[in-house]
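Descriptive analysis of the structure
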Amino acid sequence: MVKRNNYIHPLVSALALLMMGLTTSCFGDEPDYCEADIETVLLHVSDPQGFFFQATDSLQVVLSTDSTVTFIVRGDADVSALAPVLTLSPGATVQPASGTVHDFSMGPVSYQVTSQDGKWQRSYRISVVPTHVTVADTLSYDFEHFELETASQRYYIWHNVLPDGSLGNDWATANAGYRISMSTALPEDYPTTPLLDGYDGAAVCLRTCDTGPFGRMANKRLAAGNMYLGTFDIRIAMSDHLHATRFGIPFTDMPDKFTGYYTYQPGPTVQDFNGNPINGRTDSASVYAVFYRNHDDAGNEVVLYGDNILSSDLIVAVANMGYVAPTAQWTPWDVKFEYRADVDPQLLANRGYSLAIVFSSSASGGDFIGAIGSRLCVDKVRLICTHEE
């Protein structure tokens, strides 16, 4: 069901915690890695249209939590002599130097950034992956690849498998937001965690969590567990928290059905913004997928955010589970995409559409309404796609 235009996504609840008490984009209890960052990577090539799927693919903005940068280029692109141009934190240096030519057909290239004062260093790997646009009838997301976030070792992150077999960063959570309010939490205490004994192998578990004294002081008393295809930009969360969630990844198939398995157990008491119980109300989760155009009519790159993920005019199709019935057993869902507009085949082949898959343990978490203890687990997610022969 499409929400009204002023809809605020549940992920915003965790992001808003970043607005209080955070005075820099780094955390005061650990080394100032923000002084040793790669901020952007640019690839200059002589024939951008023949090399990239979209002209805007030539520039990658690197999030502060990322240590890998991947460029997806056309399958016949020559990647044997490329010179990435890096933008660094003020005063930082990098080895090898920005603009150095590398043969990316041999695999990723490692870079080491050193802060201006020489105290801190960070390592990065940059990959350029030629990809032939192939049509797969079914795409699988099984949540088997996860690890603790590299810089802090405080919370889990998830990876997808890229065409060359390496691991990408298409899955995002707002775990970094929860870290602000509950800095002493163990990795297993965060809203989004792995579940080793899922429906088939590992699954992902999303819980609505108490934000503790810090959250009560700010009157933002809970954080819904969440996971989505896209990115979470902690650097702008203070100034523009709605746009810190960037939903969607480029997608070259036409999605037809969205399926998977879930368990859901709502918490005992739904509470309002002020922490008061809402009598007679049971918490509900969010499970949906959105397919949308990722460039506007003028050719400008577009992503969807926490305030328009279900309302943007660029949305082409939505598959929304709607009401998520409580169940302690692994239960299948099977939702068909409802299309609102035609798909341009050439634009599709050129990565002109994006797909967002979104899960949240409390559907009204963006208003800080939900039940602490609500628990949504998902596994064996599939996108069944159609194509023309």
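Since this is a predicted model, take the numbers as computed values, not measurements. (Residues numbered from 1 in each chain as written. Predicted model: local features only at pLDDT ≥ 70, side-chain atom pairs only at ≥ 80, totals over all residues. Heavy atoms only, no water.)

On a plain count of helices and strands, the protein chain comes out with five helices and 29 strands. Within the protein chain, the fraction of its 389 residues that count as buried is 52%. Counted over contacts in the protein chain with a minimum sequence separation of 6, partners at least 24 positions apart contribute 70%. (Helix = DSSP H or I, 4+ residues; strand = E, 2+ residues; numbered from the N terminus. Buried < 20%, exposed > 50% of the residue type's maximum accessible area, 1.4 Å probe, protein only. Contact = heavy atoms within 4.5 Å.)

Turning our attention to the nonpolar core. Ranked by size, the top nonpolar core spans 37 residues in total, and within it Phe258, Trp333, Ile357 and Phe359 carry the most contacts. Broken down by element, the residue count for this core peaks at five residues, all from strand β29 (residues 375-386). Tyr155, Cys209, Tyr292 and Ile315 belong to the second largest nonpolar core, which has 25 residues in total. (Core = buried A, V, L, I, M, F, W, Y, C linked by side-chain atoms within 4.5 Å.)

Glancing now at unusual backbone geometry. Of note, the bond from Gln95 into Pro96 is cis; its omega dihedral lies within 30 degrees of zero at -5°. Here Pro96 shows up in the loop between β5 (93-95) and β6 (109-114). Despite not being glycine, Asn219 shows a phi value in the positive range, around 60°. By the secondary structure assignment, Asn219 is in the loop between α4 (212-217) and β17 (222-223). The backbone phi angle of Lys380 is positive, close to 50°, even though this residue is not glycine. Here Lys380 is to be found in strand β29.

Before going further, it helps to spend a moment on the side chain of Thr192. Positionally, Thr192 belongs in strand β14 (residues 192-195). Contacts of Thr192, omitting those with residues within four sequence positions, involve Trp158, Thr173, Asn175, Val204, Cys205, Leu206, Gly225 and Asn226.

Mapping Ile372 onto the fold places it in the loop between β28 (370-371) and β29. Accessibility expressed as a relative area gives 29% for Ile372, which makes it partly exposed. Residues Ile372 and Arg207 lie 165 residues apart in sequence; the distance between their C-alpha atoms is 7.8 Å. Not counting the four nearest positions on each side in its chain, Ile372 is found in contact with Thr208, Cys209, Asp210, Arg221, Leu222, Gly267, Pro268, Thr269 and Gln271.

So, on to the pattern of salt bridges. With the rule as written, the count across this model stands at eight salt bridges. Between Lys257 and Asp334 there is a salt bridge, with its nearest N and O atoms 3.6 Å apart. With a gap of 77 residues between them, Lys257 in strand β21 (residues 254-265) and Asp334 in strand β25 (residues 327-336) connect regions that are remote in the sequence. Under the relative-accessibility criterion, Lys257 is labelled partly exposed at 26%. Across the pair Asp297 and Arg293 runs a salt bridge, and its minimum N-O distance is 3.1 Å. Take Arg293: its relative accessible area is 24%, and that puts it in the partly exposed class. (Salt bridge = Lys/Arg side-chain N within 4 Å of Asp/Glu carboxyl O.)

One pass over the full model with this rule turns up 19 aromatic pairs. Taken together, a centroid distance of 5.4 Å and an interplanar angle of 65° make the contact between Phe258 and Trp333 edge-to-face. Here the residue Phe258 occupies a position in strand β21, and Trp333 occupies one in strand β25, the gap between them amounting to 75 residues. Each member of the pair, Phe258 as well as Trp333, carries the same accessibility label: buried. An aromatic cluster is built from Phe251, Phe291, Tyr339 and Tyr353, whose rings are joined through pairwise contacts. (Phe/Tyr/Trp six-rings, centres within 6.5 Å; stacked < 30°, edge-to-face > 60°.)

Examined against the element boundaries, Ile180 turns out to sit in helix α3 (residues 175-181). Under the relative-accessibility criterion, Ile180 is labelled buried at 15%. With 34 residues separating them along the chain, Ile180 and Phe214 place their C-alpha atoms 8.7 Å apart.

Turning our eyes to something else, we now look at the sheet that holds strand β7 (residues 121-131). With mixed pairing, the four strands of this open sheet are ordered in space as β3-β7-β6-β5. Since the sheet does not close on itself, it has two edges, and those belong to β3 (68-74) and β5, each with one partner. The mean inter-strand angle of the sheet, taken between neighbouring strand axes irrespective of direction, is 25°. (Pairing = 2+ DSSP bridges. Axes fitted to C-alpha atoms, helices over the stretch in contact; angles between N-to-C directions.)

Bringing the pairing of strand β15 (residues 203-207) into the picture now. With four of five residues buried, β15 lies mostly within the body of the structure. With four bridges joining them, β15 and β29 adopt antiparallel strand pairing. Note that in β29 the partner of Val204 across the bridge is Val378.

To continue, consider the sheet that holds strand β2 (residues 59-61). Here we have three strands laid out as an open sheet, ordered β2-β1-β4, and antiparallel in their pairing. This sheet does not close on itself; its edge strands, each paired only once, are β2 and β4 (85-88). Within the sheet, the average angular offset between the axes of one strand and its neighbour, ignoring direction, is 15°. Examined bridge by bridge, strand β1 (residues 38-42) and β2 share three bridges and lie antiparallel to one another. Bridging from a neighbouring strand, Leu42 pairs with Leu59 of β2.

Moving on, we get to the confidence of the model for the protein chain. Counting all residues, the mean pLDDT for the protein chain is 86, and 87% of those residues have values of 70 or more. Contacts of residues 1-7 to residues separated by more than four positions or lying in other chains number 13 contacts, the stretch itself having pLDDT below 50. Ignoring residues within four places in sequence, the model shows residues 14-33, a span with pLDDT below 50, making 55 contacts including any to other chains. (pLDDT = per-residue confidence, 0-100.)

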